[in-house]
Amino acid sequence: MPFLSATLDRVKPSPTIAVTTRAQELKAMGRDVIGLGAGEPDFDTPENIREAGIRAIREGKTRYTAVDGIPELKRAICQKFDRENGLVYQPAQVTVGTGGKQVLYNALMATLNLGDEVIIPAPYWVSYPDMVLLAGGVPVFVAAGPEAGFKITPEQLEAAITPRTKWLIFNSPSNPTGAGYTAAEIKGLTDVLLRHPQVWVMADDMYEHLVFDDFRFATPAQVEPALYERTLTVNGVSKAYAMTGWRIGYAAGPVPLIRAMGKIQSQSTSNPCSISQWAAVEALTGPQDFLGPNRALFQGRRDLVVGMLNEAAGVRCPKPEGAFYVYPDISGCIGKVSRGGTAIETDEDFATALLDETGVAVVFGAAFGLSPAFRVSYATSDAQLREACARIQDFCAGLG
Ligand SMILES: Cc1ncc(COP(=O)(O)O)c(C=O)c1O
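Residues numbered from 1 in each chain as written. Predicted model: local features only at pLDDT ≥ 70, side-chain atom pairs only at ≥ 80, totals over all residues. Heavy atoms only, no water.

## Here we look at the overall build of the chain
Inference 1: Of the regular secondary structure elements, the chain holds 14 helices and 14 strands.
Inference 2: For the chain, the C-alpha radius of gyration of 21 Å lies close to 21 Å, the compact-globule estimate for 400 residues.
Inference 3: Judged by the C-alpha coordinates and their principal axes, the chain covers about 60 × 55 × 50 Å.
Inference 4: Counting only contacts in the chain whose residues sit at least 6 apart along the sequence, the fraction spanning at least 24 positions is 75%.
Inference 5: Of the roughly 16,300 Å² of accessible surface on the chain, 56% is carried by carbon and sulfur atoms.
Inference 6: Taking the 36 positively charged and 43 negatively charged side chains of the chain as two groups, their mean positions are separated by 5 Å. (Helix = DSSP H or I, 4+ residues; strand = E, 2+ residues; numbered from the N terminus. Rg over C-alpha atoms; globule rule 2.2 N^0.38 Å. Contact = heavy atoms within 4.5 Å. Areas by Shrake-Rupley, 256 points an atom, 1.4 Å probe, with all protein chains shown as cover. Lys, Arg positive; Asp, Glu negative; His and termini not counted. Charge placed at Lys NZ, Arg CZ, Asp CG, Glu CD.)

In structure tokens:
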């Protein structure tokens, strides 16, 4: 009898780890490596939020809390949904977990039976398919390439739904493409879902505050109130408030689902860190004035990166609506050979050769389910971005 669980055979190790490990090895060897792989803001948590965490420690708010969040945070989350999304939730409809990641995982564990299908638009955030598989479900991918603005159409959604479909995982703005769906585009999808009462929506709004130009963020439960009873709206403080290490995410939805998610959490991690919960109360209820300049900063970086990557031979980089990622298409680079002699047959070859020959670390598209492409996280300084993009241009110019 094998000691390790058969469940492990269903999931693959994170495909991004190979690139990260290689980048670390090169750094340790003294090479000048620029990492464009990390999915987190490159600055510290705002001062008022850090102070709230310190205050919580001083005041002895260091014990177990209610499993799925302190009442003060649940109230702050309800106010946030009302204020920013026009969604009315009661605290009993809210759950708080150790990052949005745990919240998504709880929801899938609490709802999926063996063979239940979950629709995942591709390219996707790397964790969705494997979380579905861990929970015994079947990921059903719907391809949304650059020609479609990385967005699925109502027709594609309709075609992917079967009697076994339980969820649509909907992520806008998206990791890895930055694509954001307008309210009208969301309505097209929710109209389809109205015809299929067995399908619920898991809306991952993690990048809500990182939207550019005149793009207006919208979320399914707000666009289609008739879906309120079968929508789980997931969000968190990681990206908007530069709080990735604090590990606080949350969701709101129907009470029976929220209770079921709490049950999973009660027998796994219990409450998220008490100190982080108090810091999150401050994040959601304190001054929000840094969000605007933050958006402007990321918009400037997006424009810089899109501009420079589009000047690289064989690269086509769409301009996304939000998040801090771009997802350039590299069809024009496939089939060529790098100066260092690597044959570029796949986007993984491209990313590996780029790292080895120029020291720029990006994540290859196959990791996110759509090739040939790579993901750039532009959550780093303008100077680093300029240098990295110049190296990518030079690398591409050398492909022959
Ligand atoms: C699309 C998306 N959802 C959820 C998460 C989870 O974030 P956290 O667990 O830090 O709240 C991430 C983080 O990278 C993400 O990109």
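## Some remarks on empty space enclosed by the protein
Inference 1: Considering all chains together, one arrives at 3 cavities of 30 Å³ or more under this definition.
Inference 2: Residue lining of the largest cavity: 15 residues in total, with P121, P123, N171, S174 and Y181 positioned closest to the centre.
Inference 3: Partitioned by chemical class, the residues of the lining of the largest cavity number 12 nonpolar, 3 polar and no charged.
Inference 4: Quantified by volume, the second largest cavity comes out at close to 40 Å³.
Inference 5: Where the lining of the second largest cavity is concerned, the elements lending two or more residues are helix 4 (71–85) and strand 7 (231–236). (1 Å grid on protein atoms, 1.4 Å probe; cavity = no way out; pocket = protein on both sides within 12 Å on 5 of 7 lines; lining within 4 Å. Points joined across faces, edges and corners; volume = space filled by probe spheres on them. Nonpolar A, V, L, I, M, F, W, Y, C, P; charged D, E, K, R; others polar.)

## Re the site of the ligand
Inference 1: As a matter of local geometry, the ligand sits amid 13 residues, with G100, D204, S238, K239 and R247 nearest to it.
Inference 2: Here K101 contributes a backbone N or O atom positioned 3.0 Å from an oxygen atom of the ligand.
Inference 3: Separating a nitrogen atom of the ligand from a side-chain N or O atom of D204 is a distance of 2.5 Å.
Inference 4: Starting from 400 Å² of accessible surface for the ligand in isolation, the protein chains cover 93%.
Inference 5: Using a 2 Å cut-off from the grid points, one finds that the ligand occupies the largest pocket.
Inference 6: For the shell around the ligand, the residue count by class is 4 nonpolar, 5 polar and 4 charged. (Near = heavy atom within 4 Å. Polar contact = N/O pair within 3.5 Å; in protein donor to acceptor, adjacent residues only side chain to side chain. Sits in = over half its atoms within 2 Å of the grid points.)

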